[in-house]
Amino acid sequence: MAGYKPVAIQTYPVLGEKITQDTLYWNNYKTPVQIKEFGAVSKVDFSPQPPYNYAVTASSRIHIYGRYSQEPIKTFSRFKDTAYCATFRQDGRLLVAGSEDGGVQLFDITGRAPLRQFEGHTKAVHTVDFTADKYHVVSGADDYTVKLWDIPNSKEILTFREHSDYVRCGCASKLNPDLFVTGSYDHTLKMFDARTNKSVISVEHGQPVESVLLFPSGGLLVSAGGRYVKIWDILKGGQLLVSLKNHHKTVTCLYLSSSGQRLLSGSLDRKVKIYSTTSYKVVHSFDYAASILSLALAHDDETIVVGMTNGILSVKHRKSEAKKDSLPRRRRPAYRTFIKGKNYMRQRDDILINRPSKKHLELYDRDLKNFRVSKALDRVLEPTCTIKTPEITVSIIKELNRRGVLANALAGRDEKEISRVLNFLIRNLSQPRFAPVLINAAEIIIDIYLPVIGQSPVVDKKFLLLQGLVEKEIDYQRELLETLGMMDMLFATMTRKESTSVLQHASDGFLENKKVES
């Protein structure tokens, strides 16, 4: 047995995610920190000024968190009912919030009691924002109205009643203090101008609008509603530029990256999609454990905060660059030490002595060398092997089948052992790279353990599932073979027609030459 040849592990091409600059950039975050809130997180907003704290609106409280803290540094809870939204002013000193009782309150982040209270809405307020001049507040509510408030006088300036359903989202222009946009459940987006007392642009989204966003330049407007994210050109009177449908459920929130080159959307399908604002294609995505209601990005995209329906706040911080070790390092041999003799030319009288390298066999190879086939199969059915390197398990099964001892290795197993085999087959049978080997193994298991079906409910369920997968895979292979046969016939027919046309052309030319000679 000194000449035992180890099992050759076949390598398969793995179709993984294409590595791009966006992949490297958005994957460069630490493991998320999860914070439990009192209820669903309806709004998250970062302060535009250092130290970039963020406000979290959940249930009847608004918590202010430091960017790296897991406990709130301040709490505003003076609400009669549920709070739905809170937004920082451009200087980061004031915070405006809307609640279910129709109230709009203004807070100083250094205090606790509200500085101003604006009363005028009769139903829940779902959107609030500061205008570009910092002295006015825009609010939208479930009473179908949009109101403009004056902060110094605590008075209502204008009321717009052009929506016919709940006003659930809105934003103010960062350039013009008189312009702001609202979205409603009446499927429309309206841009209002405080100088004209009416809307200047109105577009139809087609679904109840959940979120709106203005680009920093003010020329483009983004709306989210249903499964659609739509981009509108404001400079062309609200012309639709792009309609994106990359989510499987309702899109609930939108956000722009710090550079303005990437657009983020969160949805009830538990995914955050990242789009390029030049091609409007998805360049990256994040998966979360629950449906997403809100998201926000810190300055320079240093932190991503996502609020979910189960009250969990997921916070991801960007990894810091590795700092160079300032301790004096141990001096190592010079580079010339390692390359010494590398370019030495062998002389005629030199004697070359090769040092034999000892090859160590893997544990499964040792078992196969000693004919312990069941033990070898058990080793490659360990979870660490089946999950990380399933090609090793498939290669051992293929080797056992080549030796004709696969049935012996699979026979005589108890409930726990046969469950491990069935789990591996169910997980990997549908993969094209493993299917030829695993279908044969599945048929052998069915033949061996079919007489004892009914003794274990767990095994019976997996056994029936495996049997259905085998039949489905065989039908799929049969359909592929039929399709391949059809394609072969088409290719053969096309080749025959081309050859016939070439022969006909040659014969016609011969006849013409013959007539000329005569």
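This is a predicted model, so every value here is computed, not measured.

(A) Quick look at the sheet that holds strand β28 (residues 312-317). Read across the sheet, 4 strands follow the order β1-β28-β27-β26 without closing on themselves; strand pairing throughout is antiparallel. Among the strands making up the open sheet, the edge pair consists of β1 (33-36) and β26 (292-297). The mean inter-strand angle of the sheet, taken between neighbouring strand axes irrespective of direction, is 20°. As judged from the 5 bridges shared by strand β27 (residues 303-308) and β28, these two strands associate in the antiparallel manner. Across the sheet, the residue bridging to Val305 is Val315, located in β28.

(B) View of a negative patch on the surface. Among the surface-exposed residues, Asp81, Glu100, Asp101 and Glu119 lie close enough to one another that they form a single negatively charged patch. Its place among the elements puts Asp101 in the loop between β7 (94-99) and β8 (103-108). Relative accessible area serves as the criterion here: at 31%, Asp101 is assigned to the partly exposed category.

(C) Structural context of the domain arrangement of the protein chain. Looking at the assigned domains, one finds that the protein chain contains domain 1 (21-317) and domain 2 (363-473). Put simply, the middle of domain 1 and the middle of domain 2, counted by C-alpha atoms, are 53 Å apart.

(D) Quick peek at the packing of helix α6 (residues 390-403) against helix α9 (residues 435-449). It is the contact of α6 with α9, at a shortest axis distance of 10 Å, that shows an interaxial angle of 60°. Both α6 and α9 take part in a crossing whose hand is left-handed. On α9, the residues touching Val394, Ile397, Lys398 and Asn401 of α6 are Val437, Leu438, Asn440, Ala441 and Ile444. A breakdown of the residues in the contact of α6 with α9 according to their chemical character gives 6 nonpolar, 2 polar and 1 charged.

(E) Spotlight on the pattern of salt bridges. Overall, the coordinates contain 15 salt bridges when judged by the stated rule. Close ionic contact of Lys147 with Glu156 constitutes a salt bridge, the shortest N to O distance being 3.3 Å. For Lys147, a relative accessible area of 4% translates into the label buried. The closest approach of N and O atoms between Asp193 and Arg195, which form a salt bridge, is 3.0 Å. Owing to a relative accessible area of 7%, Asp193 belongs among the buried residues under this scheme. Each of Asp178, Asp193 and Arg195 takes part in a single network of salt bridges with overlapping partners.

(F) Here's a closer look at the environment of Asn27. Here Asn27 is to be found in the loop between α1 (21-26) and β1. We classify Asn27 as partly exposed; its relative accessible area is 43%. Linking Asn27 and His284, residues 257 residues apart in sequence, is a C-alpha distance of 9.1 Å.

(G) Structural detail: the confidence of the model for the protein chain. For the protein chain, mean pLDDT is 88; residues scoring 70 or higher make up 93% of the total. Considering only residues more than four positions removed or in separate chains, one finds that residues 506-518, a stretch of pLDDT under 50, has 0 contacts.

(H) Representation of the packing of aromatic side chains. With the rule as written, the count across this model stands at 11 aromatic pairs. Ring plane angle 40° and centroid distance 4.6 Å describe the contact between Phe76 and Phe107, whose orientation is recorded as tilted. You can see Phe76 sitting in strand β5 (residues 72-76) and its partner Phe107 sitting in strand β8, a full 31 residues away along the chain. Side by side, Phe76 and Phe107 carry an identical accessibility label, which is buried. Feature note: the residues Phe46, Tyr54 and Tyr65 constitute an aromatic cluster, connected by ring pairs. For the cation-ring pair, Lys230 lies above Tyr228, with the distance from its terminal atom to the ring centre recorded as 5.5 Å. The lysine or arginine in question, Arg318, covers the ring of Tyr25, its NZ or CZ lying 4.1 Å from the ring centre.

(I) Local environment of the sheet that holds strand β14 (residues 167-172). Overall, antiparallel pairing links the 4 strands, which are arranged β14-β15-β16-β17 in an open sheet. The open sheet terminates on both sides in strands that have one partner only, identified here as β14 and β17 (198-204). Across the sheet, the mean angle separating the axes of adjacent strands is 20° when strand polarity is ignored. Both strand β16 (residues 188-193) and β17 contribute to a ladder of 6 bridges, which runs antiparallel. What sits directly across from Thr188, in β17, is Glu204.

(J) Representation of helix α4 (residues 373-380). Listing the buried residues of α4 in full gives Val373, Ala376, Leu377 and Val380. Along the axis of α4, the buried positions cluster into a sector of 95°, meaning they face one direction only. Residues of α4 that are buried in the fold lie against α3 (363-369), α5 (383-388), α6 and α7 (406-410).

(K) Structural context of the pairing of strand β15 (residues 179-184). Among the 6 residues that make up β15, 6 are buried, leaving the element largely enclosed by the rest of the structure. A two-sided burial pattern is seen for β15, the buried positions comprising Leu179, Val181 and Gly183 on one face and Phe180, Thr182 and Ser184 on the other. As paired strands, β14 and β15 are joined by 5 bridges and run antiparallel to one another. Bridge pairing in β15 places Gly170 opposite Thr182. With antiparallel pairing between neighbouring strands as the criterion, β14 and β15 make up a hairpin whose turn holds 6 residues. Bridging between β15 and β16 involves 5 bridges; their strand directions are antiparallel. When the bridges of β16 are listed, Gly183 appears paired with Leu189. Here β15 folds back onto β16 in antiparallel fashion, the turn holding 3 residues, of which His187 has a positive phi close to 75°.

Criteria and thresholds
Residues numbered from 1 in each chain as written. Predicted model: local features only at pLDDT ≥ 70, side-chain atom pairs only at ≥ 80, totals over all residues. Heavy atoms only, no water. Pairing = 2+ DSSP bridges. Helix = DSSP H or I, 4+ residues; strand = E, 2+ residues; numbered from the N terminus. Axes fitted to C-alpha atoms, helices over the stretch in contact; angles between N-to-C directions. Patch = residues over 30% accessible without salt bridge, like charges linked within 9 Å, V, L, I, M, F, W, Y side chains within 5 Å. Areas by Shrake-Rupley, 256 points an atom, 1.4 Å probe, with all protein chains shown as cover. Salt bridge = Lys/Arg side-chain N within 4 Å of Asp/Glu carboxyl O. Lys, Arg positive; Asp, Glu negative; His and termini not counted. Charge placed at Lys NZ, Arg CZ, Asp CG, Glu CD. Buried < 20%, exposed > 50% of the residue type's maximum accessible area, 1.4 Å probe, protein only. Domains from an automatic or database assignment. Left-handed = near helix turned anticlockwise from the far one by under 90°. Contact = heavy atoms within 4.5 Å. Nonpolar A, V, L, I, M, F, W, Y, C, P; charged D, E, K, R; others polar. pLDDT = per-residue confidence, 0-100. Phe/Tyr/Trp six-rings, centres within 6.5 Å; stacked < 30°, edge-to-face > 60°. Lys NZ or Arg CZ within 6 Å of the ring centre and 35° of its normal. Arc of directions from axis to C-beta.

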